[in-house]
Amino acid sequence: MTKAFTEVIKTGYGSYTSNDWTKLRKSKGLNKSCKVENVFVNKVPPLKYGCRNISRQSRDSMDSPQSTPIIIGFDVTSSMGFLAKELAVNSLNKTILSLYEQHPVSYPHILCSAIGDCKSDCSPLQVTQFEADIRIIKQLTDLYIEGGGGGNGGESYNLLWYFAARHTVTDCFEKRRKKGFLFTIGDDLCHEGLNVSEIDRVFGDKVPYSLSNTELLKEAEERYHVFHIHIETENSVDKKFFSVWQRLMPGKATTIRRNDTEYLPELITSIIGMTEGMKLKDILNSLETSSSVKIMEPLALITIQNKQNNTITF
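Residues numbered from 1 in each chain as written. Predicted model: local features only at pLDDT ≥ 70, side-chain atom pairs only at ≥ 80, totals over all residues. Heavy atoms only, no water.

Participant: I keep staring at the overall build of the protein chain and nothing clicks. Help me out?
Facilitator: For the protein chain, the helix and strand inventory stands at 12 helices and 12 strands. Taken against the 2.2 N^0.38 rule, which gives 20 Å for 314 residues, the C-alpha radius of gyration of the protein chain at 18 Å falls within 12% of a compact globule. Here the C-alpha coordinates of the protein chain stretch approximately 45 × 45 × 45 Å along the principal axes. Across the 314 residues in the protein chain, those meeting the buried criterion constitute 57%. Excluding contacts between residues fewer than 6 apart, the proportion of contacts in the protein chain whose partners are at least 24 apart in sequence is 78%. (Helix = DSSP H or I, 4+ residues; strand = E, 2+ residues; numbered from the N terminus. Rg over C-alpha atoms; globule rule 2.2 N^0.38 Å. Buried < 20%, exposed > 50% of the residue type's maximum accessible area, 1.4 Å probe, protein only. Contact = heavy atoms within 4.5 Å.)

Participant: Looking at this structure, I do not really get the side chain of T170. What am I missing?
Facilitator: Inspection of the secondary structure assignment puts T170 in strand β7 (residues 168–170). Judged by relative accessible area, which is 4%, T170 ranks as buried. Among the polar contacts made by the side chain of T170, one reaches the main-chain amide nitrogen of F173 at a distance of 3.2 Å. Once residues within four sequence positions are removed from consideration, T170 is found in contact with S58, P69 and Y224. (Polar contact = N/O pair within 3.5 Å; in protein donor to acceptor, adjacent residues only side chain to side chain.)

Participant: Teacher, can you tell me more about the pattern of salt bridges here?
Facilitator: This model, assessed by the stated rule, comprises 14 salt bridges. Residue R59 pairs with D171 through a salt bridge whose shortest N-O separation is 2.7 Å. Within this pair, whereas R59 is found in the loop between β3 (56–58) and β4 (68–75), its partner D171 is found in helix α6 (residues 171–176), the two being separated by 112 residues in sequence. The structure contains a network of salt bridges with shared partners spanning R59, D60, D171, K175 and R176. (Salt bridge = Lys/Arg side-chain N within 4 Å of Asp/Glu carboxyl O.)

Participant: Mind showing me how you'd approach the layout of surface pockets here?
Facilitator: Summary: where empty space remains is shown by rolling a probe the size of a single water molecule over the atoms. In this structure, the largest pocket spans a volume of roughly 260 Å³. Lining the largest pocket are 15 residues, and of these G50, C51, R52, S123 and L125 lie nearest its centre. Of the residues that constitute the lining of the largest pocket, the class distribution is 10 nonpolar, 3 polar and 2 charged. (1 Å grid on protein atoms, 1.4 Å probe; cavity = no way out; pocket = protein on both sides within 12 Å on 5 of 7 lines; lining within 4 Å. Points joined across faces, edges and corners; volume = space filled by probe spheres on them. Nonpolar A, V, L, I, M, F, W, Y, C, P; charged D, E, K, R; others polar.)

Participant: Please explain unusual backbone geometry as it appears in this structure.
Facilitator: Excluding glycine, residues mostly carry a negative phi; peptide bonds, for their part, are mostly trans. If you check the backbone angles, N53 has positive phi at about 55° while not being a glycine. Among the structural elements, N53 can be located in the loop between α2 (36–39) and β3. What makes N53 exposed here is its relative accessible area of 57%. In this structure, E234 is a non-glycine residue whose phi angle is positive, near 65°. Structurally, E234 can be placed in the loop between β9 (224–232) and α9 (238–248). By relative accessible area, E234 is classed as exposed at 75%.

Participant: Would you explain the packing of helix α5 (residues 158–166) against helix α8 (residues 213–220) in this entry?
Facilitator: Each packed pair of helices is defined by two parameters, the angle between the axes and the distance between the axes. Taken N-terminus to C-terminus, the directions of α5 and α8 make an angle of 40°; their axes are 8 Å apart at the nearest point. Taken as axis vectors, α5 and α8 run oblique relative to one another. For the crossing formed where α5 meets α8, the hand is left-handed. In this structure, α5 contributes N158, W161, Y162, A165 and R166 to the contact, and α8 contributes N213, L216, L217, E219 and A220. Looking at side-chain class alone, the contact of α5 with α8 contains 6 nonpolar, 2 polar and 2 charged residues. (Axes fitted to C-alpha atoms, helices over the stretch in contact; angles between N-to-C directions. Parallel < 35°, antiparallel > 145°, perpendicular 65-115°, else oblique. Left-handed = near helix turned anticlockwise from the far one by under 90°.)

Laid out in structure tokens, this is it:
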């Protein structure tokens, strides 16, 4: 947990304040004791958050002259309802405030994504807009939590890599050739690639051939620093699953225990800071001791390539 933050933050076409969060939390009854279905009330996926034939844009503005796109995608299949709730009632607000406290990047624009299973779900990918104010969390709670997943050996985290690569436009990259950030969070494996029919059904794109996860990651990594956070559920397959993620994304995959997901904001912000060249000791010194202890082990699994092309392993 970081120090208290009350300053008004003006970015994009709006502002994010702790007062806005307090009002939203009270109006929606967002607290740790509420149920997932009381946070995410939509019973069908809103059309405006679908992915067919759309793109999302992160543009600079007078209030946000050097915007940085940050995409946070989370698993919403049956085992992961708690994760969506944690983000809504706690972690997303903390992440936003941590980004402004630590200032690892300039003017963050945040897009949230609900990830399911394109082999079995009706709505395998939903995406909000890139936003800079309280709409970040308002739109998050508008998403449909399908709670599906097919028990078929994985979920479709790779849909978000495809979307980021081919359906987002950012001034950060177009104007400054600077990468944004993309995080996927969940407890399962990723299906091995996307076939032509899956891409057509989810995105409305006609592609000539199927894409492997290696190809999808390579495309996404042209515009984003891509990371995955595996949620450890104390299941016997946790180590097996994570070893697969490590082979797919060496140095870019890490883990956090299910009981420690309240520390996701510190972990995400620290990874962004490390990528941008901040010193680990400075990052950890800015956090409360309890937070530093919880994220030390996950950070040790991340390898960052700094601007001098020296590999730094923590």
